Amino acid sequence: MPDPVETDFCVVGGGPAGLTAAVLLARSGARVAVVERSPTMDRAYRGEILQPGGLAPLAELGLLDRVRARGAHEHSRFRFVDRGRVLVDIDYRTLPEPFNHLLSLPQRHLLAELEAEALAHGAEVLPGARAGELLRDGDRVTGVVVTGPGYRREITAHCVVAADGRYSKMRSLAGIAYERVDGFAHDVLWFKVPARDESDDVRIFRAEGNPVLAYRSYPDSVQLGWTLPHGGYRAMAARGLDHVRAEIARAAPDYADLVHEHVTALGDLSLLDVFTGTARTWAVDGLLLLGDAAHSHGPIGAQGINLAVQDAVLAHPVLMRSLAAKDAGAAFLARYTEPRRADIARVARLQVRQSRAMLSQGRVAAAVRPRAAKVLARTPVFARVLRQLAYGRPGIRVAAELFTS
C-alpha cells in the first residue's frame, strides 16, 4: 500500500461543487486532494445550463472566458408555451449586464477548466479512485481510504469535503440520513437530436401529451427533456421502443422525424428520477457535504450547477477559518450550513411551485394556467421570481482576499 497522504482538505467528487471548492481552497494556500471515481471526463452529464448566479463567481475566478472559449450557447429568454400560446416570457436581458443571460455548455468543458486551475495551484487530483471507507478518531472523521488501479491509500485530512452527488457514498458512510421528498409529479427522459433552425430560447412547451423541455446544446444539437408521470417509465419502456418514440413524437411534433431517425434504442434515452431531498445534517465532525450530496433538486429552473458552484464559494471562507482554528467540528461548520439551508429551502419551494404551474395536467390546470400567467406577468412577483431564478441568494462573491496565489 502506498504511504498515507496527509492533506488539509480531501474533496471527494470531481463535479462542479468539488472542483470549485478545490480551486478556491488551493488558491488560498491549503493542501487539497481531489478523489474522483471516473477515470476521465468523457462520461454522461445532465446539467448544462448556468444561471447568472453561477456565471459571476466563475468570472471572478478568471475561468468564465476560458470555459466559453471551448464552446457554449447564450440564451436570453425562458419561455413557457402552451399549445402555441406563450404564457411565460422571462427576458434575462432586463437584468444588469454582463450576466444577463443563461449559458448552456457541455459540463465536461467546465470541469476541465476547473480541474486545470486546481492543478495549477497545487491540488492533487486522483482520477479513477474510489473513496470507500472513512477514517475516524472516535466520532470525528479524519480522512478516507481510497482504492485505485492496483493500490489502496489512506488520505488523512483536516476536513473531508463530500461532493459526491445525490447518491453520496460519503454521506452514507457517515451515517447521515437523507430525507427524499417526491414533490414532483413527473420524471424527465433526456435525449438529444440534431439542431435545425432553433431559437435561442430555453423553452418548456406543451403540444399534445406531457410537456417537453428544450434548448440549444453545444455544438449543434437540441437537448430535449420529455416529462412523464413520476415512476411511470418502466411500464412504458416495457411496451417497446416504437411505443416510447410515438409518445415522444406526439408530445414534440416539431421533432417527430428527428426522434424516429435518431432515437434508435432505449439506451439513447436517459431517465432522470426527479425528486428533491436534503441530508438531515450537512456536517459532522471532520466532514462537510456540498452540492447534491447535501441537497438535490429537479431540473426546473436550471439550478443544479449554479447551486453547486455557490455552495463551494460560500463554504470556502468557513473552511479556511476552520483550518486556521484547527477546528472542523460540526458546530464550526454550521457557520456555512445553517444560512445555506435557508437558501436551499427557498429554491426547493420555488421549483415545486414552477413544476405545478407549468407541468400539471387536467382541465382545471388548463383553464386556470393562462389567466394566472397573464396576471402574474403584471405584478412585482414576476420580477422577484426572475431574480430568484437568476441569482439564488443575491450578492454571493468569491472571498478573493483569502487567495495566496
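Once a new chain begins, its residue numbering starts again from 1 and follows that chain's sequence as written. Under the rules for a predicted model, residues below a pLDDT of 70 receive no local features and side-chain atom pairs below 80 are neither given nor counted, while totals for whole chains, interfaces and linings still include all residues. Based on all heavy atoms of the structure, the side-chain values leave hydrogens and waters out of the count.

The protein appears in an unreviewed UniProt entry as Monooxygenase from Saccharothrix australiensis.

A.B. asks: Can you walk me through helix α2 (residues 52-60) in this structure?
C.D. replies: Think of an α-helix as turning once every 3.6 residues; residues three or four places apart then point the same way. With a 1.4 Å probe rolled over the protein chains alone, any residue whose accessible area is under 20% of its type maximum counts as buried; one over 50% counts as exposed, and the rest are partly exposed. Think of it this way: any DSSP run of H or I at least four residues long counts as a helix, any run of E at least two long counts as a strand, and we number them from the N terminus. Burial in α2 covers these residues: Pro52, Gly53, Gly54, Leu55, Pro57 and Leu58. Immediately downstream of α2, the backbone of glycine 62 shows phi near 75°, a positive value.

A.B. asks: Teacher, can you tell me more about the pattern of salt bridges here?
C.D. replies: Note on pairing: side chains with opposite charge can pair once their charged atoms come close. In the sections that follow, a salt bridge refers to a side-chain nitrogen of Lys or Arg positioned within 4 Å of a carboxyl oxygen of Asp or Glu. Per the counting criterion, the structure on display carries 26 salt bridges. We note a salt bridge from glutamate 48 to lysine 192, for which the minimum N-O separation is 2.8 Å. On the criterion of sequence distance, the pair formed by glutamate 48 in the loop between β2 (32-36) and β3 (49-50) and lysine 192 in strand β13 (residues 186-194) is long-range, its members being 144 residues apart. Between aspartate 343 and arginine 340 there is a salt bridge whose closest N-O contact spans 3.1 Å. Here aspartate 343 pairs with arginine 340, and both are found in helix α10 (residues 330-359), just 3 residues apart, close to one helical turn. You'll find aspartate 343 and arginine 340 in the same group, each marked buried.

A.B. asks: Whenever I open this one, the packing of helix α1 (residues 16-27) against helix α4 (residues 107-120) confuses me. Can you help?
C.D. replies: Two measures define how a pair of helices packs: the angle their axes make with one another and the distance between the axes. Between α1 and α4, whose axes approach to 9 Å, the crossing angle comes to 25°. Taken together, the axes of α1 and α4 lie roughly parallel to each other. Crossing angle aside, the handedness with which α1 passes α4 is left-handed. Here α1 contributes Pro16, Leu19, Thr20, Ala22, Val23, Ala26 and Arg27 to the contact with α4, which in turn contributes Gln107, Leu111, Leu114, Glu115, Glu117 and Ala118. Only C-alpha atoms enter the line fits that serve as axes; for helices the fit covers just the stretch in contact. Angles between N-to-C directions range over 0 to 180 degrees. Any angle between 65 and 115 degrees counts as roughly perpendicular, while under 35 counts as roughly parallel, over 145 as roughly antiparallel, and the rest as oblique. When the near helix sits turned anticlockwise from the far one by under a right angle, the crossing is termed left-handed; a clockwise turn instead gives a right-handed crossing. Any two residues whose heavy atoms approach within 4.5 Å are treated as being in contact.

A.B. asks: Is there a simple way to explain the sheet that holds β13 in this structure?
C.D. replies: Pairing between sheet strands relies on hydrogen bonds along the backbone, with the strands arranged either parallel or antiparallel. Strands sit in the order β6-β5-β14-β15-β16-β13-β17 across an open sheet of 7 strands; the sheet is mixed. Strands with a single pairing partner mark the edges of an open sheet, and in this sheet they are β6 (85-91) and β17 (270-272). Strand after strand, the sheet turns through a mean of 20° between neighbouring axes, direction not considered. By this definition, two strands are paired if DSSP reports at least two bridges between them. Pairing geometry for β13 and strand β16 (residues 221-229), over 9 bridges, is antiparallel. In the sheet register, valine 193 faces β16, and the bridge partner there is valine 222.

A.B. asks: Whenever I open this one, the packing of α2 against helix α9 (residues 304-325) confuses me. Can you help?
C.D. replies: α9 packs onto α2 with a crossing angle of 45° between their chain directions and a minimal axis gap of 8 Å. Taken together, the axis directions place α2 and α9 in an arrangement best described as oblique. Here α2 and α9 pass one another in a crossing that is left-handed. Between α2 and α9, the contacting residues are Gly53, Gly54 and Pro57 on the first element and Asn306, Val309, Gln310 and Val313 on the second. Ten residue types, Ala, Val, Leu, Ile, Met, Phe, Trp, Tyr, Cys and Pro, are classed as nonpolar, four, Asp, Glu, Lys and Arg, as charged, and the remainder, Gly among them, as polar. Counted by class, the contact of α2 with α9 contains 3 nonpolar, 4 polar and no charged residues.

A.B. asks: Any chance you could explain the nonpolar core here in plain terms?
C.D. replies: In globular proteins that are soluble, nonpolar side chains generally tend to be buried together. To define a nonpolar core, start from buried Ala, Val, Leu, Ile, Met, Phe, Trp, Tyr and Cys residues and group those joined through side-chain atoms within 4.5 Å. Membership of the largest hydrophobic core comes to 81 residues, with the highest contact counts inside it found for Val32, Val144, Leu287, Leu288, Leu290 and Leu319. Considering each element in turn, this core owes the most residues, 11 residues, to α9. Excluding anything up to four places from it in sequence, valine 144 contacts Cys10, Val12, Ala131, Glu133, Leu134, Leu135, Arg153, Glu154, Ile155, Val160 and Met170.

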